[in-house]
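The lines below spell out each chain.
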Amino acid sequence: MTYAITQTCCNDATCVAVCPVNCIHPTPEERAFGSTEMLHIDPRACIDCGACADACPVDAIFPVDSLSAGQREYADINAAYYEGGEPAPEAEGPNFHVWGEPVFERSLPSDFGPLRVAVVGTGPAGMYAAQDLLLHTAAEVTLIDRLPVAGGLVRYGVAPDHPATKKVGDTFSRFHSHPRVRMQLGIEVGRDVTAEELSAHHDAVIYAVGASTDKRLGVPGEDSPGCVSATAFVAWYNAHPEAVAQGVDLSAAERVVVVGNGNVALDVARILVADPEALAGTDIAAHALDALRASRVREVVVLGRRGPEDAAYTRSELLALKHLPGVELVVDDHDPRTAAAIDAAGAGDRAGVLKGLARVRTDAASPAGGERRIVLRFHSEAVEVLGDGGAVRSVRVTDGGGQRDGDGTADLSAGLLLRAIGYRGLPVPGLPFDEASGTVPHEGGRVAGLPGSYVVGWIKRGPSGGIGANRTCAAETVGTLLADAVAGTLPAATGDAKAFRRLARQRNRRVVDARGLAAIDRAERDRGRRDGRPRVKLATVEELVATARSGRLLRLGR
């Protein structure tokens, strides 16, 4: 028996580090690492020890003979990665793995005093950076977030029907109560404290603020009330405290058009047509669950500007759509290039996953009842949003194959348009900003022109790569920071940790610390147990702060 890596692979390579026979590739040292959609286990070399499955933070690794019907394809995907390649040479001696010389790239000399580092942002990028500092040095870390709760992308970006992916949050949460960690949640740089004040109280500051806004289509009618960004929609169904609870009306639209071809586009399409009762066992926002139960959506048309061979989603996410209960996945063949690309694709190609799917022509009118379905429409762009009295009525799209109305466009009736064409970073007050890329200029993570300031994650490299990509990104940034510390180029801090805590609480009386965060976690889990769910999230800033405060006072006996 061998093991296989499945859909929820996060690519952070924890499994690579524990494999005794080096059968998981690509490794972080190999050129292909970071460019492949997932890691793969070589069935010829796997010795069935299960170390990788035990270490996986997102429960993505299973014995092949225990894979469910919807996961069996992953055994072939893992094996296909190694087709044509030679097995790794066997090691001589008692060890299975050929180990190289030990390398300690992110460490400080033993006589080096502890650094005080602030990490702004508690999503995966920030927590990988904090983890590196805590495990490899004696650093004292202040975790800062503009929201009164930690988690970032794991809490508010991962779809609720991907609970295994959310488990990486458990790995990060163990550092929230670390003896060398102080939490200051609800503090926003530029509103409560300045970047200069943050730097004055710490030896170094790492900004992990992500890419919090979305790109726009730039077409007429885009500002209609029925045009919503995927960023806002994901925040809405994940109970983000800045999302409006009644912000998305699904009671009238039978068809939704999603513009974009990445994993986020597939996420929102899947949530829109999924069985609400299946979602009732997840941590989806209560207001979103109510809206989905009342939803009239029967069809989601996903528009891709390019062909199926160039789609931005991963094969694993597309495979999941093929096995969504009660939902038909079809391909719109309005353009002959779509069918040609699918027919010519090999088994390992992205377009090859679409072989065997029904091919249809999307009618201008909304679907009339029947089975829910997702339509993948390639070689098509939205060029105008048409409405009546502010509401969306239809979306005009390019129609290269049909020429239905003589000008190469077609009008698809729709009550809602979601744009999922990418995220974009926002300027951080006090830091330089590149408007073209939506990132902070840097050298190896070091902010250009600001000694002692660093960036990690999407604000550093742009909105690319999943959760695991931040581990390698954080390693580079932390390595640069420690090299600067050894070189003596970090500016001297003028304030200490206690002074910063006093400053933060003077500016914002609603700061949440580690005990307050623990109270929020307990309250959400307790609410979830009553409803048979993993947790029921507190959905407003007021609820989060009040729960943190009441829980903290209760533990103090007041």
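Let me begin by describing the structure that accompanies this report. (Residues numbered from 1 in each chain as written. Predicted model: local features only at pLDDT ≥ 70, side-chain atom pairs only at ≥ 80, totals over all residues. Heavy atoms only, no water.)

Time to look at the state of the cysteines. On inspection of all chains with the given rule, the structure shows zero disulfides. Cysteine Cys15 is unpaired, with the sulfur of Cys9 as its nearest cysteine sulfur at 6.5 Å. Judged by its relative accessible area of 8%, Cys15 is buried. Cys46 takes part in no disulfide bond, and the closest cysteine sulfur, belonging to Cys23, lies 4.8 Å away. (Disulfide = S-S within 2.5 Å. Buried < 20%, exposed > 50% of the residue type's maximum accessible area, 1.4 Å probe, protein only.)

Right, let's get into the sheet that holds strand 16 (residues 382–388). Taken in spatial order, the three strands of this open sheet run 16-17-18, and their pairing is antiparallel. Looking at the sheet topology across the chains shown, the edges are occupied by strand 16 and strand 18 (409–413). Each strand of the sheet is rotated relative to its neighbour by a mean of 25 degrees, with strand direction disregarded. Bridge analysis of strand 16 against strand 17 (residues 391–398) gives six bridges, and the strand direction is antiparallel. Looking at strand 17, one finds that Ala382 is bridged to Val397. (Pairing = 2+ DSSP bridges. Helix = DSSP H or I, 4+ residues; strand = E, 2+ residues; numbered from the N terminus. Axes fitted to C-alpha atoms, helices over the stretch in contact; angles between N-to-C directions.)

For the coordinates displayed, the defined rule picks out 37 salt bridges. Lys167 is paired through a salt bridge with Asp59; the nearest N and O atoms lie 2.5 Å apart. Here Asp59 lies in the loop between helix 2 (51–55) and strand 4 (61–63) and Lys167 lies in the loop between helix 6 (163–166) and helix 7 (168–173), a separation of 108 residues in the sequence. Classification of Asp59 as partly exposed rests on a relative accessible area of 30%. Here Glu317 makes a salt bridge to Arg270, at a shortest N to O gap of 3.7 Å. Pair noted here: Glu317 is in helix 13 (residues 315–322) and Arg270 is in helix 10 (residues 263–273), with a separation of 47 residues, a long-range link. Here Glu317 falls in the buried class, since its relative accessible area comes to 10%. The structure contains a network of salt bridges with shared partners spanning Arg155, Asp521, Glu524, Arg525 and Arg535. (Salt bridge = Lys/Arg side-chain N within 4 Å of Asp/Glu carboxyl O.)

Before going further, it helps to examine the packing of helix 9 (residues 230–237) against helix 10. Where helix 9 meets helix 10, the closest approach of the two axes is 11 Å, and the angle between their N-to-C directions is 50 degrees. Put simply, helix 9 runs oblique to helix 10. For the pair helix 9 and helix 10, the crossing hand works out as left-handed. Across from Ala230, Phe233, Val234 and Tyr237 in helix 9, the residues of helix 10 making contact are Val264, Asp267, Val268, Ile271 and Leu272. (Parallel < 35°, antiparallel > 145°, perpendicular 65-115°, else oblique. Left-handed = near helix turned anticlockwise from the far one by under 90°. Contact = heavy atoms within 4.5 Å.)

The next subject is the side chain of Ser394. Tracing the backbone shows Ser394 in strand 17. Setting aside residues up to four positions removed in sequence, Ser394 forms contacts with Glu384, Val385, Leu386, Asp411, Leu412, Ser413 and Ala414.

Time to look at the environment of Arg106. You can see Arg106 is positioned in the loop between helix 3 (73–80) and strand 5 (116–120). Its relative accessible area of 19% is what places Arg106 among the buried residues. Distance from Arg106 to Ala483, taken between C-alpha atoms, is 8.4 Å for residues 377 residues apart in sequence. The residues touching Arg106, leaving out its near neighbours within four places in the chain, are Asp132, His136, Ala475, Val478, Gly479 and Leu482.

Okay, empty space enclosed by the protein next. Summed over all chains, the structure comprises two cavities of 30 Å³ or more. Of the voids in this model, the largest cavity is the one considered here, and its volume is about 80 Å³. Taken together, the residues of the lining of the largest cavity sort by class into eleven nonpolar, one polar and one charged. Each pocket or cavity is described by its volume, and for the second largest cavity that value is around 60 Å³. Every residue lining the second largest cavity is listed: Cys19, Pro20, Val21, Cys23, Ile24, Ile41, Cys46, Ile47, Asp48, Cys49, Gly50 and Cys52. The residue inventory of the lining of the second largest cavity, partitioned by class, reads ten nonpolar, one polar and one charged. (1 Å grid on protein atoms, 1.4 Å probe; cavity = no way out; pocket = protein on both sides within 12 Å on 5 of 7 lines; lining within 4 Å. Points joined across faces, edges and corners; volume = space filled by probe spheres on them. Nonpolar A, V, L, I, M, F, W, Y, C, P; charged D, E, K, R; others polar.)

Here strand 12 (residues 299–303) lies mainly inside the structure; five of its five residues are buried. Pairing of strand 11 (residues 255–259) with strand 12, which is carried by five bridges, proceeds in the parallel orientation. Bridging across to strand 12, Val259 finds its partner in Leu303. The sheet contact formed by strand 12 and strand 15 (residues 372–377) spans five bridges and is parallel. Counted as the bridge partner of Glu299 is Arg373 from strand 15.

Phi is mostly negative for residues that are not glycine, and the peptide bonds are mostly trans. Of the consecutive residues His25 and Pro26, the connecting peptide bond is found in the cis state with omega at -5 degrees. Mapped onto the elements of the fold, Pro26 is located in the loop between strand 2 (24–25) and strand 3 (40–41). Even without a glycine there, the phi angle at Ala13 is positive, about 70 degrees. Here Ala13 is to be found in the loop between strand 1 (3–5) and helix 1 (14–18). Not every positive phi belongs to a glycine, and Ala239 is a case in point at roughly 65 degrees. One can find Ala239 in the loop between helix 9 and strand 11. Residue classification places Ala239 among the buried positions, given a relative accessible area of 1%.

Within helix 10, nine of the eleven residues are buried, leaving the element largely enclosed by the surrounding structure. Three or more residues of helix 10 are buried, namely Ala265, Leu266, Asp267, Val268, Ala269, Arg270, Ile271, Leu272 and Val273.

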